[in-house]
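Observations on chain architecture
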There are 2 protein chains.
Amino acid sequence: MSRERLIYLPLGGAGEIGMNAYVYGYGLPGKERLILVDIGVAFSDMDTTPGVDLIWADISWLRENVDRLEAVFITHAHEDHVGAVAHTYDQLRKPIYARAFTANIARRKMAELGLPEDAVQTVSAWPEQVQAGPFTVGFLPVSHSIPESAALVIDTPGGRIVHSGDFKLDPNPVVGEAFDPELWGSVGKSGVRALVCDSTNVFSPNPGRSESEVGPEIEKLVAGATGMVVATTFASNVARVRTLAEAGARAGRSVVLLGRAMRRMIEASMETGVLSEFPPVISPEEAQDIPRDHLMLIVTGSQGERRAASAQLARGKYRGLELAEGDLFLFSSKTIPGNEKEVIRIINQLSEKGVDVVDDSSGRYHVSGHANRPDLERVHALIDPQIVIPMHGEHRHLREHARVAEAGGRQGVVAVNGTMLDLSGNAPVVAAHVETGRTYLDGTVQVGALDGVIRNRIRMALNGHVTVTVIMDEEDEPLGEPWCDIIGLPEIGTSKAPLVDVLEEDLNQFLMRSNQKTLRDDDRLEEALRRIARQSAQTEIGKKPEVTVVISRMR
Amino acid sequence: MSRERLIYLPLGGAGEIGMNAYVYGYGLPGKERLILVDIGVAFSDMDTTPGVDLIWADISWLRENVDRLEAVFITHAHEDHVGAVAHTYDQLRKPIYARAFTANIARRKMAELGLPEDAVQTVSAWPEQVQAGPFTVGFLPVSHSIPESAALVIDTPGGRIVHSGDFKLDPNPVVGEAFDPELWGSVGKSGVRALVCDSTNVFSPNPGRSESEVGPEIEKLVAGATGMVVATTFASNVARVRTLAEAGARAGRSVVLLGRAMRRMIEASMETGVLSEFPPVISPEEAQDIPRDHLMLIVTGSQGERRAASAQLARGKYRGLELAEGDLFLFSSKTIPGNEKEVIRIINQLSEKGVDVVDDSSGRYHVSGHANRPDLERVHALIDPQIVIPMHGEHRHLREHARVAEAGGRQGVVAVNGTMLDLSGNAPVVAAHVETGRTYLDGTVQVGALDGVIRNRIRMALNGHVTVTVIMDEEDEPLGEPWCDIIGLPEIGTSKAPLVDVLEEDLNQFLMRSNQKTLRDDDRLEEALRRIARQSAQTEIGKKPEVTVVISRMR
């Protein structure tokens, strides 16, 4: 056990799509020097995380071993890779490395929280490399749905690891570097121990399509439109935003960018030089003087987010602009599973306005940013690793991707969050299981997923809430009767009397027959009152609410 | 305005998929005699209706005019058509007509609530007719994904209406009557004023496929399986359940039906004679003695419902049966939008067990129960109505279906819930807008959607809850300090002090500087304390919780 070893430990992103966080380590067991690749967020939902603002991987393990951490590397600027970089900075305080565009976005996040922007350091593309303890790391350009996505070439004394980041194989990505098979092949040539690889699209059987394919289709669509055209996509898909803007410009339309994220991304692209050409844009105010058949709006909110421009336009006027009968609304995007209801709500609101909606169902106006199964097979062959470790996927994706690797004659290993793999031996072995989980940003406070805070909120959402108040006099006898306040519960139950009256009556009956032992003991009394209130409610309304008992004693 | 008229008024189902409820009327304006077609439910979700058990159309308008209501007709036994028949019975108390299978299911619902089963009357298929005031109603057999679905042929002095119910055109539906174009044509021959028509699949461009097409594919799949086979579909899709069971039996497997709904539906099918042939089934207990490669389970929970058999099997053992590596799990079903996350959760749990999952993505193991666009066009032509009124669809479906009708040279009218159409004149006109909405079954209590009960629950889920308690003495001065209890909020805020301490301190400061005018006035004091608590929480945790203020006065 005293030999140095190379380890891989996903803390987030392996067993889910979202909140990526991967640790690599090299050194003597338990003393490995570490790097963190990506520290992203996931988004909350009402089912499991009501009221939560952001979610990221629980980095307790990393915090406990922070003296061993050398640096943080960010592959690209999608929220699920960079979103928690500022929220976790205080706990890690290590240099953060990224390519220029990603660094630009990361610095904005640092600035928003009043953190030092210079913690983020810009790295040029491969063959430039960064030294971080025993690691030598280079950023290999890959195409994806955001500028300057990178795979990481991680050289260690235990061999080379290629961490793919999110990627696709695009010979013509509209913005950024084209897929370069020779470059990838050269990285593989010197021998690769493990390819840690994006699994998102492993179930897509056909080769992925190029970003450049959607342009002509979108142009045709816009050219044929007779009213205002509105198109939505992810703001970070700068290539798509450019394609949409150019389609508008070619059709003689003035282009308006709507939504904060849209403007911020274009700004970052301009600042970092990844976007040199972009049609002229006008402001929403200027747009109001232009006939609607000469307008093209490119807007945020492709996932139906309630506050984004798409949802606002579907509901009514937004920044002086309003949709009308005969306008065209294009979703140049895919709906992420879980967002269907929100997107469909918007489509129906647009339908009520007489707006024609075109979505991704034809496959003509959107292409994915991830590598499909044949692309994955091609990359396995080019990088030629001994081991393939699928990441960036739910369990079903990881399992399938491992099968693809095995079918190609390589070792494929499924390692979910918390699984520490030792990659030093002939075959990877599980070295440890580390406690992992999720951290919630709730308002301005970081809360652990298992703290019970959110569980209690879900219970109140399902069952409503009762406050029971009793005052006990100096002799520990009830002073007056108990009373109840309800929230989120029907006022009248099956007996047709007010629910609070029924509860108060039952609680009073209980107090009248209770002995001093119960009445003097706060815990015992509280528990009993809670039980009575819940039983009484169950009988009256068929539901057991959450109960807060407040006992005030005059003694 | 004194001429008798024929009216159509959807209360639910027009502008949404779910909770169908359609009213037809004939007579002098405001004195029309009425019938209700279907009274179904929709299901709750955490986003909009946490803790709600069932949802149906607000029938206030019908209740106010209940003396004019003649009868209720149920087209088929899907929950979104029959689900609220018992819950609303006390308010309507009219005869309920349905075909045998549907009536069987409706009677079970009546019995569950202790209501008279004989309120439900069985009607034979067309040409049998029921007289209900000025209406003569016949049940025309249609194929769908449940036995004995019916279109209603509604004859009135104002002309014939065909209310399609849910349907597809299936020449070989496995269970029940095949599509009979001659019969449909004969119904149209005598002239049809309006076709009120299912719009669910209007966006599906190809002709619908027959239920009989999935059998051979499923047989091939089951025959090739090496471990246990588990298949899930809607329990009410009796034809599919039979197809699955036969595929199992042909592959030499013993068939087990798992899930209460599955057994209930097969039972109802047997009782009413719609299912005469069904392979022998064994109990879960018997199955434990049979090798897993000789077993075929047919289970509930195709939509990922947490308590259904699919979810239970994905989590672990269920009724003594457990999935293992190499087993096959088939979703012979479509995932309804909004249920993706739950279904995907199950697929990942199965993946963790090493179970291979086959879903609907290939299109081989499931066909829809609704008519696609070309089928709708065919039915328009066969029934040959003057007016097509799309129903059973979201707004986008209704609008598209109306377009299809217009393209066929007919009048197509979009009428959403609450729109009363007068169908008497040359063209349909909007006669009135009726207040509509949703009624919630919450535990055992019926709650109006706008009562605020659910809104308050959602607020607690998003923002947490604080109870503020103050006791005022005989002179209206605070007796001691105020105190706070929190639920669903972090215990420690940004100042690192306990949140309740910070809140109590701020509330105490406020009380100390308040004048008698505030301290004596309950409303004023409550409002002020709530405001302080919310502001204090906002500063401390970045969130404004819901607040219950309890003021106890000693005077």
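In this report, the structure presented in the accompanying data block is examined.

Analysis parameters
- Residues numbered from 1 in each chain as written.
- Chains lettered and ligands numbered in written order.
- Predicted model: local features only at pLDDT ≥ 70, side-chain atom pairs only at ≥ 80, totals over all residues.
- Heavy atoms only, no water.
- 1 Å grid on protein atoms, 1.4 Å probe; cavity = no way out; pocket = protein on both sides within 12 Å on 5 of 7 lines; lining within 4 Å.
- Points joined across faces, edges and corners; volume = space filled by probe spheres on them.
- Nonpolar A, V, L, I, M, F, W, Y, C, P; charged D, E, K, R; others polar.
- Core = buried A, V, L, I, M, F, W, Y, C linked by side-chain atoms within 4.5 Å.
- Buried < 20%, exposed > 50% of the residue type's maximum accessible area, 1.4 Å probe, protein only.
- Contact = heavy atoms within 4.5 Å.
- Helix = DSSP H or I, 4+ residues; strand = E, 2+ residues; numbered from the N terminus.
- Buried area = accessible area lost by both parts, 1.4 Å probe.
- Salt bridge = Lys/Arg side-chain N within 4 Å of Asp/Glu carboxyl O.

Quick look at empty space enclosed by the protein now. Following the criterion strictly, the structure yields 5 cavities of 30 Å³ or more and no others. In this structure, the largest cavity occupies an estimated 150 Å³ of space. Lining the largest cavity we find 23 residues, and of these His144(A), Ser145(A), Ile146(A), Pro173(A) and Val175(A) sit closest to its centre. Roughly 100 Å³ of internal volume is contained in the second largest cavity. Lining the second largest cavity we find 16 residues, and of these His144(B), Ile146(B), Pro147(B), Glu148(B) and Val175(B) sit closest to its centre. A per-class count over the lining of the second largest cavity returns 7 nonpolar, 7 polar and 2 charged.

Okay, the nonpolar core next. Formed by 208 residues in total, the largest nonpolar core has its most connected members in Leu62(A) and Leu62(B). If sequence neighbours within four positions are ignored, Leu62(A) has contacts with Leu11(A), Val23(A), Leu34(A), Leu36(A), Leu69(A) and Leu92(A).

The next subject is the environment of Pro478(B). Residue and element names in this part refer to chain B. Mapped onto the elements, Pro 478 comes out in the loop between β28 (465-472) and β29 (483-487). On the basis of relative accessible area, Pro 478 is assigned to the partly exposed category, the value being 24%. On a C-alpha basis, the gap between Pro 478 and Leu 511 in space is 7.3 Å, while along the polypeptide they are 33 residues apart. Ignoring sequence-local partners within four residues, the contact set of Pro 478 consists of Ile 471, Met 472, Leu 511 and Leu 519.

Interfaces are often sized by the accessible area lost when the parts come together. Taken together, the contact between chain B and chain A spans 60 residues of the former and 60 residues of the latter. Regarding the contact of chain B and chain A, the summed buried area is about 5,100 Å², with carbon and sulfur atoms giving 61% of it. In this assembly, chain B and chain A are joined by 8 salt bridges. Residue Arg403(A) is joined to Asp356(B) by a salt bridge in which the shortest nitrogen-to-oxygen separation is 2.5 Å.

Before going further, it helps to examine the pattern of salt bridges. Enumeration over the complete set of coordinates arrives at 70 salt bridges over all chains. Note that Asp476(A) and Arg553(A) form a salt bridge whose closest N and O atoms lie 2.8 Å from each other. A residue pair is termed long-range when its members are at least 10 positions apart, and Asp476(A) in the loop between β28 (465-472) and β29 (483-487) and Arg553(A) in strand β30 (residues 546-553) qualify at 77 residues. Here Asp476(A) matches Arg553(A) in class, with each residue buried. The partner of Glu285(B) in a salt bridge is Arg319(B), and the shortest N-O contact between them spans 3.4 Å. Of the two residues, Glu285(B) sits in helix α9 (residues 284-287) while Arg319(B) sits in the loop between α10 (309-315) and β19 (328-331), which places them 34 residues apart along the sequence. Where salt bridges share partners, they join Asp356(A), Arg373(B), Arg399(B), Glu400(B) and Arg403(B) into one cluster.

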